[in-house]
Amino acid sequence: PTTHFAPRNPMDSVAKITVWDPPRRFVAETEEGPGKVATEWTVQTRSGDSCVVRVVHSWFATTDDWDQEFEGHTYGWLSFFRLLRLYLTHFPGARGASFQVMGTTPPPKEVAWKSLMGGLGIPAAKVGAKVPTQGDAPQLAGTVEWAGQPEWPEELVLRLDTPAVGIAHFAPHPMSGKVFLALRF
């Protein structure tokens, strides 16, 4: 499988599946900038229609040059699990589709984030608040479910009411001397 970070982007990530045992275990490996990256998913069923999902993400680098990107992966996984929990809480069993829109801008990340949020008309968001986009931005409205954390304050998760029920996730990702602004739905 291939993960595309943006159209015509040389940073596509091509994975080799090394273990495929659905729905219990899945392991994939990629060769990225610093070396091999391996991700293992295991799912253990529990009583009462519940399960435990465990993810181990390992990056085998030969230098420290990629420490910042690896740190970014940590926050990426935390975001992913927040979104999974939000889906399971508000939309259990619902079928859906996802898409991502991404653009790049020069660093710093904080300036890129402020510009994105200002363009959407959401300069400051607090968890629990109802927010709509403003001005010429695409019409989105919903409840703020997440508004960053001290270590990574530039992130916003909305549980959407408009234009449809769903989840919107906004986050900047500094990589390769650029800031990738991701809008995921």
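Above this text sits the structure in question.
This section reports on the structure supplied with the text. (Residues numbered from 1 in each chain as written. Predicted model: local features only at pLDDT ≥ 70, side-chain atom pairs only at ≥ 80, totals over all residues. Heavy atoms only, no water.)

1. Focus on the overall build of the chain
Rules: Strands here are runs of E lasting at least two residues and helices are runs of H or I lasting at least four, both read from the DSSP assignment and numbered beginning at the N terminus. For this measure, only C-alpha atoms enter the radius of gyration; the expected value for a globule follows 2.2 Å times N^0.38, where N is the number of residues. Relative accessibility thresholds used throughout: buried, under 20% of the residue-type maximum; exposed, over 50%; partly exposed, between the two (1.4 Å probe, protein chains only). In this description, contact between two residues means that some pair of their heavy atoms is separated by no more than 4.5 Å. Accessible surface area values rest on a Shrake-Rupley calculation with a 1.4 Å probe, where residue burial reflects the displayed protein chains alone.
Along its length, the chain carries two helices and 11 strands. The secondary structure elements of the chain, listed N-terminal to C-terminal, are β-β-β-β-β-α-β-α-β-β-β-β-β. For 185 residues, the compact-globule estimate of 2.2 N^0.38 gives 16 Å, and the chain sits close to it at 18 Å. When its C-alpha atoms are laid out on the principal axes, the chain stretches across 50 × 45 × 30 Å. Here the chain holds 185 residues, and the buried ones make up 33% of them. By sequence separation, contacts in the chain at least 24 residues apart represent 35% of the contacts at least 6 residues apart. Just so you have it, the chain exposes about 11,700 Å², and 57% of that area is on carbon and sulfur atoms.

2. Description of unusual backbone geometry
The omega torsion of the bond from P22 to P23 falls at -5 degrees, within 30 degrees of zero and hence cis. Here P23 lies in the loop between β2 (13-21) and β3 (25-32). Following T162, the chain continues to P163 via a peptide bond in cis, the omega torsion being 10 degrees. Tracing the chain through its elements places P163 in the loop between β9 (156-162) and β10 (166-175). In this model, D49 sits at a positive phi of 60 degrees, which is unusual for a non-glycine residue. Inspection of the secondary structure puts D49 in the loop between β4 (35-46) and β5 (50-61). The class of D49 is exposed, set by a relative accessible area of 85%.

3. Some thoughts on the pairing of β3
The test is simple: Strands qualify as paired when DSSP identifies two bridges or more between them.
Relative to β3, β2 is paired through six bridges, and the arrangement is antiparallel. Looking at the pairing, K16 lines up with E29 of β3. Between β2 and β3, which pair antiparallel and follow one another directly, the connecting turn spans three residues.

4. Examining the environment of Q44
Looking at the secondary structure, you find Q44 in strand β4. A relative accessible area of 45% places Q44 in the partly exposed class. Taking the C-alpha atoms as reference points, Q44 and R54, separated by 10 residues in sequence, lie 8.4 Å from one another. For Q44, the contacting residues outside a window of four places in its chain are C51 and V52.

5. Considering the pattern of salt bridges
Threshold: What counts as a salt bridge is simple: a side-chain nitrogen of Lys or Arg found within 4 Å of a carboxyl oxygen of Asp or Glu.
What the rule picks out here adds up to seven salt bridges. Put simply, K36 and E29 hold a salt bridge, and the shortest N to O gap is 3.5 Å. Relative accessible area serves as the criterion here: at 32%, K36 is assigned to the partly exposed category. Classification of E29 as partly exposed rests on a relative accessible area of 24%.

6. Here we look at the sheet that holds strand β11 (residues 178-184)
Sheet strands line up and pair through hydrogen bonds in the backbone, either parallel or antiparallel. Keep this limit in mind: Fitted lines through C-alpha atoms give the axes, limited to the stretch in contact for helices. The angle between two N-to-C directions lies from 0 to 180 degrees.
The six strands lie next to each other as β6-β11-β10-β9-β8-β7, forming an open sheet whose pairing is antiparallel. Of all strands in the sheet, those with a lone pairing partner are β6 (100-105) and β7 (130-132), marking the two edges. Geometrically, the sheet is characterised by an average inter-axis angle of 30 degrees between neighbouring strands, direction not taken into account.

7. Comments concerning the nonpolar core
Rules: What we call a nonpolar core is a set of buried Ala, Val, Leu, Ile, Met, Phe, Trp, Tyr and Cys residues that are connected through their side-chain atoms within 4.5 Å.
Membership of the largest hydrophobic core comes to 18 residues, with the highest contact counts inside it found for L116, M117, L120, L156, L158 and F170. Taken together, the elements giving at least two residues each to this core come down to α2 (109-120), β9, β10 and β11. A total of five residues in this core trace back to one element, the largest contributor, which is α2. L83, L86, F91 and V157 belong to the second-largest nonpolar core, a separate cluster that totals five residues.

8. What to know about the side chain of H173
Here H173 is to be found in strand β10. With relative accessibility at 19%, the residue H173 sits in the buried group.

Bear in mind that shape data such as this cannot, by itself, settle questions of function.
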